[in-house]
Amino acid sequence: ADVSVVVVGSCMTDLVSQAPRLPKAGETIHGHKFFIGFGGKGANQCVQAARMGAKTAMVCKVGRDVFGNDYIQNFKNNGISTAYVEQTENAATGAASIIVNDTGENAIVIVAGANMLLGQEELLRAQSAIVNAKVLVCQLEINPDASLQALRMAKENHVKTIFNPAPAIADLHSDFYKASDVFCCNESEAELLTGLSVTSVEDASRVGLELLHRSCGSVIITLGPQGCVVCESTNTAPKHIPTTAVTAADTTGAGDSFIGALAFYMAQYPTMPLEEMARRANLVAAVSVQTVGTQTSFPSQKDLPTELF
Ligand code: RIB
Ligand code: NA
């Protein structure tokens, strides 16, 4: 009952190849390093919130296979409750094939597998954790109906909701906006959702307001090295929150680090202004991009300056 952050979302095994550049269609190129890591946007966000110090639970589905078994151990190693992590015989644990180029950019194909079998029954089993949490976080790597149901369950019980529409779908149901206290996405997701291009802070402000008018509490558009833009229904003007410049080794999961940190701040410091939470979450995510890998690069409380707490 004392879990403060619940994530209803995805787990993926990340199969990562580092290469000088991303290959073209039909092309084979040599990469220089391969590794397997724990990923999936939902799990990544949960791990970052846990490492910041939040009491967390993950609601997800993995396969009854080696990757699934290993993933459950990974949650335990990070102090995340696995009471609502279920295993299925009917699909394989989700997998992500990732290529990272020498400038830290990536291209990803996900096969969601077991993640797609998380549904109403599993949510009902996790209901008490969801409705008693301080913050619920959802994304779009599971069945969208399950994400929406979880968001509604939280919202109806006055649990703060963060929704990350990733990967984005062009025809997102309008209820996703209504069920989101904080609607948080990156530039490309914002473009897909609105049809407007986002190439500057000004564009992000315009797109943020457009999304805000779809009835969410607030909108955050993350902009990589440019930080983010925060739009709140209580404030008329969008606010640009810049961040410190860093050299990127691997930006995979930086958005997840940001959202996990944001969830921690919303749970731990509910009266802190959203702009300040976003400023701090920017700095946490900036640490993650400086090291290769996704969860392996996410900082813990002890690795971060005390001013962030
Ligand atoms: O956001 C990064 C994540 O996206 C990776 O860990 C990969 O699993 C994909 O889901
Ligand atoms: Na990283």
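Use the structure listed above.
Cut-off values and rules
Residues numbered from 1 in each chain as written. Chains lettered and ligands numbered in written order. Predicted model: local features only at pLDDT ≥ 70, side-chain atom pairs only at ≥ 80, totals over all residues. Heavy atoms only, no water. Helix = DSSP H or I, 4+ residues; strand = E, 2+ residues; numbered from the N terminus. Rg over C-alpha atoms; globule rule 2.2 N^0.38 Å. Buried < 20%, exposed > 50% of the residue type's maximum accessible area, 1.4 Å probe, protein only. Axes fitted to C-alpha atoms, helices over the stretch in contact; angles between N-to-C directions. Parallel < 35°, antiparallel > 145°, perpendicular 65-115°, else oblique. Left-handed = near helix turned anticlockwise from the far one by under 90°. Contact = heavy atoms within 4.5 Å. Nonpolar A, V, L, I, M, F, W, Y, C, P; charged D, E, K, R; others polar. Phe/Tyr/Trp six-rings, centres within 6.5 Å; stacked < 30°, edge-to-face > 60°. Near = heavy atom within 4 Å. Polar contact = N/O pair within 3.5 Å; in protein donor to acceptor, adjacent residues only side chain to side chain. Areas by Shrake-Rupley, 256 points an atom, 1.4 Å probe, with all protein chains shown as cover. Expected span 1.5 Å × (residues − 1). Donors = N, O, S within 2.8 Å, 3.2 Å for Na, K, Ca; no water. Pairing = 2+ DSSP bridges.

Trainee: I'd like a description of the overall build of the protein chain, backed by residues and values.
Mentor: Along the protein chain, the regular secondary structure elements total 10 helices and 13 strands. A compact globule built from 309 residues would reach a C-alpha radius of gyration of about 19 Å, and the protein chain, at 18 Å, matches this within 12%. For the C-alpha atoms alone, the extent of the protein chain along its principal axes is close to 50 × 40 × 40 Å. Counting across all 309 residues of the protein chain, residues that qualify as buried make up 53%.

Trainee: Just give me the short version of the packing of helix H7 (residues 187-194) against helix H8 (residues 201-212), but keep the residues and values in it.
Mentor: Orientation of H7 relative to H8, taken along the N-to-C sense of each, is 55°, at an axis distance of 10 Å. Relative to H8, the element H7 lies oblique. Once H7 is placed against H8, the crossing between them reads as left-handed. Along its contact with H7, which presents Ala190, Leu193 and Thr194, the element H8 presents Val207, Glu210 and Leu211. Among the residues making up the contact of H7 with H8, the classes are represented as 4 nonpolar, 1 polar and 1 charged.

Trainee: Now, about the packing of aromatic side chains: what can you tell me, with residues and values included?
Mentor: Inspection of the entire model under this criterion finds 9 aromatic pairs. Centroid distance tyrosine 71 to phenylalanine 75: 4.9 Å. Interplanar angle 40°. Geometry classified as tilted. Here tyrosine 71 and its partner phenylalanine 75 are both found in helix H2 (residues 66-77), 4 residues apart, which amounts to about one turn of the helix. In terms of burial, tyrosine 71 and phenylalanine 75 fall into one category: buried. Aromatic side chains tyrosine 177 and phenylalanine 183 sit 4.7 Å apart centroid to centroid with 20° between the ring planes, which places their arrangement in the stacked category. You can call tyrosine 177 buried: its relative accessible area is 3%.

Trainee: How would you summarise the site of ligand 1 if you had to cite specific residues and measurements?
Mentor: Inspection of the region around ligand 1 gives 14 residues, with Asp14, Gly40, Lys41, Glu141 and Asp256 positioned closest. In this structure, an oxygen atom belonging to ligand 1 sits 3.1 Å away from a side-chain N or O atom of asparagine 44. For ligand 1, the accessible surface in isolation is 280 Å², of which the surrounding protein chains cover 96%. Of all the secondary structure elements, the ones that give two or more residues to the shell around ligand 1 are strand E2 (12-18), helix H1 (41-52), strand E6 (95-100) and strand E7 (106-111).

Trainee: Could you give an account of helix H9 (residues 254-268), with specific residues and numbers?
Mentor: Over its 15 residues, H9 extends 21 Å from the first C-alpha to the last, a length consistent with the 21 Å expected when each residue adds 1.5 Å. Summarising burial for H9: 13 of the 15 residues are buried, a large majority.

Trainee: Account for the coordination of the sodium ion (ligand 2), with residues named and values stated.
Mentor: Only Asp250 (O), Ser288 (O), Thr291 (O), Gly293 (O) and Ser297 (OG) from the protein reach the sodium ion (ligand 2) as donors, at distances of 2.5 to 2.8 Å. Donor residues for the sodium ion (ligand 2), ordered by position in the chain, follow D-x37-S-x2-T-x1-G-x3-S. Residue classification places threonine 291 among the partly exposed positions, given a relative accessible area of 39%. According to the relative accessible area criterion, glycine 293 is buried, its value standing at 1%.

Trainee: Requested: an account of the pairing of strand E1 (residues 5-8), with residues and values cited.
Mentor: Of the two faces of E1, both are covered, the one formed by Val5 and Val7 as well as the one formed by Val6 and Val8. Pairing of E1 with strand E4 (residues 56-63), which is carried by 4 bridges, proceeds in the parallel orientation. Residue pairing in the sheet places valine 6 in a bridge with alanine 57 of E4. In the sheet, E1 pairs with strand E8 (residues 135-138) via 4 bridges, with the strands oriented parallel. Among the inter-strand pairings, valine 8 is bridged to a residue of E8, identified as cysteine 138.

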